[in-house]
There are 2 protein chains.
Amino acid sequence: SVVGGNASEPPKPKDETPEFMKDALKDLTPRWRNWWIRGWFTILMFGYFALVTYLGTYAFMTSVILFQVKCFHEIITIGHQVYKSYDLPWFRTLSWYFLLCSNYFFYGTIAEYFAAFIQSEDYMMFLARYHRLISFMGYLFGFMMFVLSLVKKRYRLQFFMFGWTHVTLLIIVTQSHLLLQNMLEGLIWLIVPVSMVICNDIMAYMCGFFFGRTPLIKLSPKKTWEGFIGGAFFTIIFGWLISGFLCRFPWMTCPSEISSSFSVNLDCDPLPIFQLTEYQVPLFIRVLLKLVGRSSVMIYPFQLHALPLSIFSSSIAPFGGFFASGFKRAFKIKDFGDTIPGHGGLMDRFDCQYLMATFVNVYLHTFIKLPTPKKLLPLITAMRAPEQVALFHELKDYLANK
Amino acid sequence: SVVGGNASEPPKPKDETPEFMKDALKDLTPRWRNWWIRGWFTILMFGYFALVTYLGTYAFMTSVILFQVKCFHEIITIGHQVYKSYDLPWFRTLSWYFLLCSNYFFYGTIAEYFAAFIQSEDYMMFLARYHRLISFMGYLFGFMMFVLSLVKKRYRLQFFMFGWTHVTLLIIVTQSHLLLQNMLEGLIWLIVPVSMVICNDIMAYMCGFFFGRTPLIKLSPKKTWEGFIGGAFFTIIFGWLISGFLCRFPWMTCPSEISSSFSVNLDCDPLPIFQLTEYQVPLFIRVLLKLVGRSSVMIYPFQLHALPLSIFSSSIAPFGGFFASGFKRAFKIKDFGDTIPGHGGLMDRFDCQYLMATFVNVYLHTFIKLPTPKKLLPLITAMRAPEQVALFHELKDYLANK
């Protein structure tokens, strides 16, 4: 039952060793064997991250979409297991259908980056022009199917799983698309936050392992204040350094510009925030600088923007992880799945990443991303001719006054 | 339990007679007394709708917000009753807090209409400029409070109520704000769809009462195909007539323009869709028209736009009602509340209105609402000076070519 929480027993611990490793690891104790696997798969994931970074825009895009589908699958599967709802009519089909509709809807939010490609194909123009209507009607079709699939005696379970699907969509699909948006504004807006969260995970674990003694939160008994603070300390330093390093590369800092032939241009005049700038510093630091013969510092303004990001990634983003821990306890599961040997489900690795991506997106919209001529001109050409002329004159007057 | 559905017994039928009517109605049988009350409150609601229409923009805005809060309250209360979760720590406070945050977030979507007012006050400029960041951080605070309020043994119930709150927010808050957006595009975009749904409700009931014999859907055993089809027939005619009538009044068709002193201007050159236009008609109708001495018809193009709206309101919007019926059955309740004597909760009257509002919003965005100079100029002035000049030249070339 939902209240008592005894609808499903926790699954027995499984031997997660992949087939091809079983022979090589047969002499180790289970504890060490698990460490060995966890370590290798950590390295494998780093390799994957490096490869995707090297391959660029499309590799990231494909990964985000694949991970989104897998995370959605993990959470929906938990719902089915906990409530033993495999036999609900239509339910799995409808869940996947809703995933499809909401993805199509959210692609509208990144369509502006594909403007050149979309404008080169008539059917794409149609899908973009009527995108909102098509996704709404598509969703409605699923909604009507849900209503028609309701069967007496299963009503409550069906509504419950409907809610479960929608909360999952809200968490996974929405935030995945914010992550994609960030990436298209420049690979740096994905790579820096993602690696900050990874750094914080690792350093909090290390600091907790060596110095941890004060428990942090009841939900995760193994987490300590020492780990929390140590993680934050190293993440802030790491964020400053990696930002300074990545700012040098235009292919990191330029927005993805996608041509009509689908090729990606990652070249541009870097925005001022990615240009080395001279900063006057407060008096007491200036005194120190004088000692080494300098009166100002040269930094990339992006490094200053990286500070709120690294602070967020080590103070608030972990609550995504606490939330996931609570969720796992509530439904008596150890992990979200067994997708990555030694690590559990994909969702176990992504719990803080999604919250972080949303923060970065909000930050971009608030402080960085301003309208550009390229994005405004299509809006203007969509107006009626007299209004275009009116705008032209208003703009002329405005610029003349300046 | 969520699956078996026996956590709460359906409430006993209550005598819903308001105190001041009890004396006057004491000689009627309960059945007739209920009809009497239902009838009077129907008239009262019509009076309220007429009064709000007369008062205009702010009266509608206040009503939409009040109804939204009440509908949210009704659904959250059902969750608490069904799962006996009154004593969950912090839960009611957090639900209302999330309602506040999501409302603040969605006000961003109507802020453009208040541009003049916002620009006149510094603190409003601040709230608008950082609106996305403030609402996200506000939401995160609630999210963190939720995580910190988790208590062992109640985990599952707490997550369940968290999901319940979020699905309610998704249904009520999102759609209320779409309704507000529609209204600000012109009162006609609220009044026509709302009255179509009311007309369909009443006419489907009447047609079903007099001619109904073929059951329509198991979920609502009293609904018949005769009622469904009759309702659609009358709603389409009603929609055509009321659209033609309301198009004459600029205060119905003009977008609300809100000045810096908060006063509303409902005057404008009507858009072409609200101007009487001559239409050539297909040959077979033209023959009929020739008989009465005419060769074309004069109609408002809006009347043609009203056709998809009336078809939607009588074919797909009722699924909102079926969904609500299913929900009530699933949780074994008769009505969503007892807010309106004789009618049940507010949500019982609004179940189809929300779906309709979303459709109208999508329709407006797809076919009607185009960017205007007034909305684009602030976007342009937010750019950097060289980009403004670049846009100016691009626009100049574009207009010269035309």
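Above this text you will find the structure in question.
Residues numbered from 1 in each chain as written. Chains lettered and ligands numbered in written order. Predicted model: local features only at pLDDT ≥ 70, side-chain atom pairs only at ≥ 80, totals over all residues. Heavy atoms only, no water.

Enquirer: Any chance you could explain the side chain of A:Ser135 here in plain terms?
Expert: Locating A:Ser135 in the fold gives a position in helix α7 (residues 131-149). If we skip the residues at most four places from it in the chain, A:Ser135 touches A:Cys101, A:Tyr104 and A:Phe105. (Helix = DSSP H or I, 4+ residues; strand = E, 2+ residues; numbered from the N terminus. Contact = heavy atoms within 4.5 Å.)

Enquirer: In this structure, what is going on with the packing of aromatic side chains? I would like to understand it.
Expert: How two aromatic rings sit relative to each other is set out by the distance from centre to centre and by the angle between their planes. Residue and element names in this part refer to chain A. Here the structure, examined in full by the defined rule, presents 87 aromatic pairs over all chains. Note on Tyr48 and Phe67: the rings are 6.1 Å apart at their centroids and 45° apart in plane angle, and the pair reads as tilted. A residue pair is termed long-range when its members are at least 10 positions apart, and Tyr48 in helix α2 (residues 30-55) and Phe67 in helix α3 (residues 57-83) qualify at 19 residues. A centroid spacing of 5.3 Å and a plane angle of 85° characterise the contact between Phe209 and Phe210, whose relative ring orientation is edge-to-face. In this structure Phe209 comes out as exposed when scored by relative accessible area, which is 60%. Looking at Arg129, its charged tip hangs above the ring of Tyr130, at a distance of 5.4 Å from the centre. (Phe/Tyr/Trp six-rings, centres within 6.5 Å; stacked < 30°, edge-to-face > 60°. Buried < 20%, exposed > 50% of the residue type's maximum accessible area, 1.4 Å probe, protein only. Lys NZ or Arg CZ within 6 Å of the ring centre and 35° of its normal.)

Enquirer: Explain the pattern of salt bridges to me, please; I cannot follow it from the model alone.
Expert: Side chains that differ in charge, positive against negative, can pair when their charged atoms come close. Residue and element names in this part refer to chain A. Scanning the entire structure with this criterion turns up 5 salt bridges over all chains. As a salt-bridge pair, Asp335 and Lys334 come within 3.1 Å of each other at their nearest N and O atoms. A relative accessible area of 60% means that Lys334 is categorised as exposed. (Salt bridge = Lys/Arg side-chain N within 4 Å of Asp/Glu carboxyl O.)

Enquirer: Just to check I follow, could you spell out the state of the cysteines for this structure?
Expert: A covalent bond between the sulfur atoms of two cysteines is what we call a disulfide. Residues and elements named next belong to chain A. Counted according to the given criterion, the structure contains 2 disulfides over all chains. The side chain of Cys254 participates in a disulfide bridge whose partner is Cys268; the two sulfur atoms lie 1.9 Å from each other. Classification of the bridge connecting Cys254 and Cys268 rests on its S-S torsion, roughly -90°, and on that basis the disulfide is left-handed. One end of the pair, Cys254, is in the loop between α11 (250-253) and β3 (257-258); the other, Cys268, is in the loop between β4 (264-265) and β5 (277-279), with 14 residues separating them in the sequence. For Cys254, a relative accessible area of 0% gives the class buried. With no disulfide of its own, Cys352 lies closest to Cys71 among cysteine sulfurs, the gap being 12 Å. Looking at Cys352, the relative accessible area reads 8%, which means it is buried. (Disulfide = S-S within 2.5 Å.)

Don't take any of this as a statement about function, it's just geometry.
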